[in-house]
Amino acid sequence: MEGLRLHKNKIKFEPSYYIVTLLAILTGYFNQYIVFAISILLHECGHLLMASFFKWELDELKFFAFGGQMRFKGELNKANKEDLLISSAGVMVNLMLLSIFLYFAQLEVSGIQLKWINSFIWAQCFIIVFNLIPLPPLDGSRILGDILSCFFPYRYSLRIICYFNIVFISFIVLLTILYDFRQFYLILGFLFYSTVKFNQNAQYLFQRFLLHKKMYRNVDLPRKITILCDDSWEDKIYRGYLNMFQFNERFHDELTWLQLKFRENNKVIIDVKIKSD
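Residues numbered from 1 in each chain as written. Predicted model: local features only at pLDDT ≥ 70, side-chain atom pairs only at ≥ 80, totals over all residues. Heavy atoms only, no water.

Taken as a whole, the protein shows an average pLDDT of 88; of its residues, 92% reach a score of 70 or greater. Below a pLDDT of 50 lies the segment residues 265–277, which in the model reaches 20 contacts outside its immediate sequence neighbourhood of four places, other chains included. (pLDDT = per-residue confidence, 0-100. Contact = heavy atoms within 4.5 Å.)

As structure tokens, this is what we get:
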């Protein structure tokens, strides 16, 4: 249960978290906020439990205005299937909670109890729909990235996500303006800021991915052999795989290229002949 050990220095609260908490108190929506906060906490517990199952080690848990965000050690050099299941686990918990509260809503309960049950039902519906929006830093964006990483090199996956982010956030902004959804302005502002920040840091994220590849060696990943012609190996490296590059009938291991890139071992021989069975 290593991944479930939460130390104080691993938990952080963004300023937006305190702002929304203060607004909930001042506007008289504190009870609804408590329901929402409990649901978010259970949502994050779903991520943590699934991560613990795969023995991922938590590096940071950050709470912001409308949810939480986790970082794990070496997370960019893990199997795409594991990442997909961990990213989906939070929503799965909310789906289970929704089913439970819908069941209780059918029972004979008092008016006050029904009010709280309905609040929990609304909270689960909001968290499920909101988190499945394919924009960063929401679960939907991470799930989209996991799927793309199975078919495209990571650099191209990031480019697709960046272009998709621009189109999708533009669509949401246009929809909000046309139908005057003023109640969603705060959420829209948060998503717009997060999307712009992600797109600006896409190149940094790719370099972080390469660094994770070097620092957190994962020999359990499935092997993928890519044929290089005049391409850069960085344009052909896949996330979630142990990459081998074939060039002029020779194999080039990803670790060798990474060591050369980060200048740890300039004497490494990268020409290794392909062994025939």
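This part is about unusual backbone geometry. Omega for the peptide link from Pro-136 to Pro-137 comes to 5°, which places this bond in the cis form. Residue placement: Pro-137 occurs in the loop between α4 (111–131) and α5 (139–149). Of note, Lys-55 is a non-glycine position whose phi angle comes to about 65°, a positive value. Turning to its location among the elements, Lys-55 is positioned in the loop between α2 (30–53) and β2 (58–64). Although it is not a glycine, Asp-180 sits at a positive phi angle of roughly 50°. For Asp-180, the position within the fold is in the loop between α6 (154–179) and α7 (185–200). (Helix = DSSP H or I, 4+ residues; strand = E, 2+ residues; numbered from the N terminus.)

All right, on to the side chain of Glu-60 then. Here Glu-60 shows up in strand β2. Exposure remark for Glu-60: the relative accessible area of 13% places this residue in the buried category. At a separation of 2.9 Å, a polar atom in the side chain of Glu-60 contacts the side chain of Lys-12. Excluding residues that lie within four positions of it along the chain, Glu-60 makes contacts with Lys-10, Lys-12, Gln-69, Met-70 and Arg-71. (Buried < 20%, exposed > 50% of the residue type's maximum accessible area, 1.4 Å probe, protein only. Polar contact = N/O pair within 3.5 Å; in protein donor to acceptor, adjacent residues only side chain to side chain.)

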